[in-house]
Amino acid sequence: MPIKVNNVSYAYQVGTPYEKLALRDVVLTINDNSVVGLFGITSSGKTTLLQVMAGLIVPQKGQVLVDDVKLIAKGKRRKFTNIGLVFQFPETQFVLDRVYDEIAYGLTYQNLDKFIIKERVEKSLGLVGLSFSTYKDRNIRTLSSGEKRRVAIATILALDTKYILLDEPTAGLDYLGRLDLERLIADLKANDKTVVLVSHNLNYLLNICDEIYIIADGTIDSIITNKSSLMDLEALYMANYILPAYLETVFKLRARGYDISLNNKEAVLEGIAKVFRGDNYA
Amino acid sequence: MISLQNVTYQYPKSNRNILNNISGDFLEGEFIAVVGKNGSGKSTLARLLNGLLVPVNGQVIVDSLSTKDRENQIKIRQKVGLLLSSPDNQIIFNLVEEDVAFGPENLGLPTKEIKYRVDAALKMVKMEEFKKHPPYLLSGGQKQKVALAGLLALNPKYLVLDEPTTMLDSQSKQDVIKTILDIKNATNLTVIMITHDLEEVVKADRILILDEGLIKADIKPEEMYDNKAVLSAAGVELPEVTQLIDELNNKGLESLPHNLLTVDELVNELCRLK
Ligand SMILES: Nc1ncnc2c1ncn2[C@@H]1O[C@H](COP(=O)(O)OP(=O)(O)OP(=O)(O)O)[C@@H](O)[C@H]1O
Ligand SMILES: [Mg+2]
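Quick caveat, the model's predicted, so the values are computed rather than measured.

Cut-offs and rules
Residues numbered from 1 in each chain as written. Chains lettered and ligands numbered in written order. Predicted model: local features only at pLDDT ≥ 70, side-chain atom pairs only at ≥ 80, totals over all residues. Heavy atoms only, no water. Helix = DSSP H or I, 4+ residues; strand = E, 2+ residues; numbered from the N terminus. Contact = heavy atoms within 4.5 Å. Near = heavy atom within 4 Å. Polar contact = N/O pair within 3.5 Å; in protein donor to acceptor, adjacent residues only side chain to side chain. Areas by Shrake-Rupley, 256 points an atom, 1.4 Å probe, with all protein chains shown as cover. Nonpolar A, V, L, I, M, F, W, Y, C, P; charged D, E, K, R; others polar. Pairing = 2+ DSSP bridges. Core = buried A, V, L, I, M, F, W, Y, C linked by side-chain atoms within 4.5 Å. Buried < 20%, exposed > 50% of the residue type's maximum accessible area, 1.4 Å probe, protein only.

Novice: What is the right way to read the environment of Leu125 of chain A from this model?
Specialist: Residue and element names in this part refer to chain A. Here Leu125 lies in helix H3 (residues 114-127). Each C-alpha atom, one on Leu125 and one on Lys136, is 8.6 Å from the other, the two residues being 11 residues apart in sequence. With near-sequence residues (within four places) excluded, Leu125 lies in contact with Val99, Ile103, Leu130, Phe132 and Ala154.

Spelled out as structure tokens, the structure:
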């Protein structure tokens, strides 16, 4: 059963000179067992949308249904939502000092055996590439920025919720961390989880998502799915979004009059090579 | 010049050398990128450069002043500005101009001089028109530029930027990087920038690769491809364009040079082949 966003509108600072409409009549369904990306420039509304889905923000209009149940009842978020959110800034998510305690914190409400908690903490740290023995006793405030990001993700993984929402999870991660996260998200999907992630890196989203919602000005501007053609992406290029290098290259070449097929990545590379490799190539 | 002389650093109550006997110079007007895995010691290096941390062994010398001498501290902090990635933690005042004025006010400069510096700094980051704005209404990229102006108002010689664009979207990232490059080109400032973004790295004059407490390589962006084994061992990927050139060459375009670093350079080179 999905997450349904029904006609949600939200404005910040209502009634002040700085009132700003961040979401306008947004309608979307996050299907179960899918990986969904939210993409857009700063202040397009993507973080607001994610926070609405997590129930952290109560929209002035419309509502969110999670597994057919209203996320917000009488202005309050339901207590057990089966939703885990990793914040954009890890510092704003942490409540305790010690790595172990922070990851175990959310589990204390689940009435779990001490031994199971330890197992979960150890497993979650492993999933984000941090060794349990090295990191369990570390003070979170003294971790490097990439290590903090990893702990923030581990904290949510430990909750074992069905829905996992990630706000800019790759920010500050090194190359290996980004690859690990890619694998982790694929694993979550394989284990019947649903992942929604906000990212400003379209390249990254294209690699891992089933669907990408392009958010502009508080509404869904367009949707890219794994069935979309590269032609659809050319429209994004025209709208000045930053795309993978091979796509930017082919779009620039096409703009200069070279007719190169946009079938798929392989065809693009083959097409570029064919046009430019000279006559005597066998 | 900032000189690292056999610098070793360990955090208190830890027995791991985060930096292990490293040496090297940062020259006037240079733009140096520092890359490496999470936890490789990049931010530690940044804090050593402006004296927030002092080496356990060895020395960091800023224009002949050692960061180890407490009496040099104020002078060094003024010469070496440090910008962090989270703009919200760096901005505290209600108006952009108050925020930028904070540093010079602390130096006890005359009001006229402060006003002059604030205007000049905001002009350098192209934020003059936001002078009277409350910072919290600015975008992440604009806040980052205001924080940068705050550093510039101290007339530093060195800027150390610790992942200045990590929390920004692509458009703001490009805007902040362009601002940094413009400032670097218009002045003789030395810019030392930590980043995980290879598209930013290729804009530097020189790249330092940190791993296992050591500087594993000190190379020019064009030399990244030739050093791909070192980079990969240190957990650093090649720029996207470099990878693309490899893929194209495997399809029979063997003459494409590996020192092309941007899509535009690649497109021009391809069209030249024709
Ligand atoms: N106060 C401290 N006590 C113990 N260890 C620390 C302390 N501060 C930092 N460290 C450790 O030192 C190592 C280097 O940290 P540093 O912040 O310099 O890494 P970094 O290269 O900037 O990483 P990132 O890319 O994640 O920002 C990390 O493993 C970190 O956990
Ligand atoms: Mg760091």
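Novice: What am I meant to see in the site of ligand 1 here?
Specialist: Taken together, the neighbourhood of ligand 1 is formed by 19 residues, with Ser144, Ser145, Gly146 and Glu147 of chain A together with Thr44 of chain B sitting nearest. Residues close to ligand 1 are split across chains A and B. Glu147 of chain A places a polar side-chain atom, nitrogen or oxygen, 2.5 Å from an oxygen atom of ligand 1. Protein coverage of the free-state accessible area of ligand 1, which is 650 Å², stands at 91%. Among the elements of the structure, helix H5 (145-159) of chain A together with helix H1 (42-49) of chain B are those that each provide at least two residues to the shell around ligand 1. When grouped by side-chain class, the residues that make up the shell around ligand 1 number two nonpolar, 11 polar and six charged.

Novice: Explain the pairing of strand S4 (residues 61-66) of chain A to me, please; I cannot follow it from the model alone.
Specialist: In the case of a regular strand, side chains alternate between the two sheet surfaces. Residue and element names in this part refer to chain A. Bridge count between strand S1 (residues 3-12) and S4: five bridges; the pairing is antiparallel. When the bridges of S4 are listed, Ser9 appears paired with Lys61. Note: S4 against strand S5 (residues 69-70), two bridges, orientation antiparallel. Looking at the pairing, Val66 lines up with Val69 of S5. As consecutive antiparallel partners, S4 and S5 are separated by two residues, and within that stretch Asp67 has a phi angle of approximately 50°, a positive value.

Novice: Would you mind going over the nonpolar core with me for this structure?
Specialist: Generally speaking, nonpolar side chains in soluble globular proteins are found buried as a group. Residues Leu197 and Ile272 of chain A together with Leu266 of chain B are the most contacted members of the largest nonpolar core, which totals 74 residues. Considering each element in turn, this core owes the most residues, eight residues, to H5 of chain A. Apart from the residues lying within four places of it in its own chain, the contact partners of Ile272 of chain A are Thr249, Val250, Leu253 and Ile260 of chain A together with Leu248, Leu253 and Leu270 of chain B.

Novice: What am I meant to see in the pairing of strand S9 (residues 163-167) of chain A here?
Specialist: Residues and elements named next belong to chain A. For S9, the tally of buried residues reaches five of five residues, placing the bulk of the element in the interior. Bridge analysis of strand S8 (residues 83-86) against S9 gives four bridges, and the strand direction is parallel. When the sheet's bridge partners are listed, Leu85 is paired in S9 with Leu165. Pairing of S9 with strand S10 (residues 194-199), which is carried by five bridges, proceeds in the parallel orientation. Across the sheet, the residue bridging to Leu166 is Leu197, located in S10.

Novice: Honestly, the sheet that holds strand S1 (residues 2-9) of chain B in this entry has me stumped. Any pointers?
Specialist: The strands that make up a sheet pair up through hydrogen bonds in the backbone, lying either parallel or antiparallel. All names here are of chain B. Ordered by their spatial adjacency, four strands build an open sheet running S2-S1-S4-S5, and the pairing between neighbours is antiparallel. Edge positions in the open sheet fall to strand S2 (19-26) and strand S5 (65-66), since each of these has one partner strand only. Bridge count for S1 against S2 is five bridges, and the pairing is antiparallel. Each residue of the ladder has a partner; that of Tyr9, found in S2, is Leu19.

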